[in-house]
Amino acid sequence: MPAYDFRCKRCENKFTVRISISERDKVRCPECDSSSVQQLFTPFAVTVKSGDSHSCDLSCGSKTKFG
Ligand SMILES: [Zn+2]
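All values derive from a computational prediction rather than experimental measurement.

Peer 1: Sorry, what's going on with the pattern of salt bridges here?
Peer 2: Opposite charge on two side chains lets them pair, provided their charged atoms get close. Considering all chains together, one arrives at 1 salt bridge under this definition. Among the ionic pairs, Asp 33 bridges to Arg 28, the shortest N-O distance being 3.7 Å. A relative accessible area of 48% means that Asp 33 is categorised as partly exposed. According to the relative accessible area criterion, Arg 28 is partly exposed, its value standing at 45%.

Right under this line is the structure:
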């Protein structure tokens, strides 16, 4: 069962619950029992990087002509 991170809008409590995806709207804060919670989307696999880096460790301008 997947785990979701939530933050309570009332008491700012952050908590993680393990529920099925259909029960996400029924989540209540365990601290103040408020139903106004906001789901936090944690990036699991962020692979997008800004900027480009060329990897040329083998033959990047290192070949010179001999004879
Ligand atoms: Zn709360």
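Still to come is the rest of the account.
Peer 1: So what exactly am I meant to see when it comes to the coordination of the zinc ion here?
Peer 2: Tetrahedral coordination by four donors places them ideally at 109.5 degrees to one another around the metal; octahedral coordination by six donors ideally gives 90 or 180 degrees. Summarising the metal site, the zinc ion is bound by the protein donors Cys 8 (SG), Cys 11 (SG), Cys 29 (SG) and Cys 32 (SG), whose distances to it range over 2.3 to 2.4 Å. Donor residues binding the zinc ion come from one chain and are separated in sequence as C-x2-C-x17-C-x2-C. Here Cys 32 falls in the partly exposed class, since its relative accessible area comes to 24%.

Peer 1: Would you explain unusual backbone geometry in this entry?
Peer 2: With the exception of glycine, the majority of residues adopt a negative phi angle, and the majority of peptide bonds are in the trans configuration. A positive phi angle, close to 60°, is found at Glu 12, a residue other than glycine. Inspection of the secondary structure puts Glu 12 in the loop between strand E1 (3-8) and strand E2 (14-18). Notably, Asp 33 is not glycine yet its phi reads approximately 60°, a positive angle. Structurally, Asp 33 can be placed in the loop between E2 and strand E3 (37-40).

What counts and how
- Residues numbered from 1 in each chain as written.
- Predicted model: local features only at pLDDT ≥ 70, side-chain atom pairs only at ≥ 80, totals over all residues.
- Heavy atoms only, no water.
- Salt bridge = Lys/Arg side-chain N within 4 Å of Asp/Glu carboxyl O.
- Buried < 20%, exposed > 50% of the residue type's maximum accessible area, 1.4 Å probe, protein only.
- Donors = N, O, S within 2.8 Å, 3.2 Å for Na, K, Ca; no water.
- Helix = DSSP H or I, 4+ residues; strand = E, 2+ residues; numbered from the N terminus.

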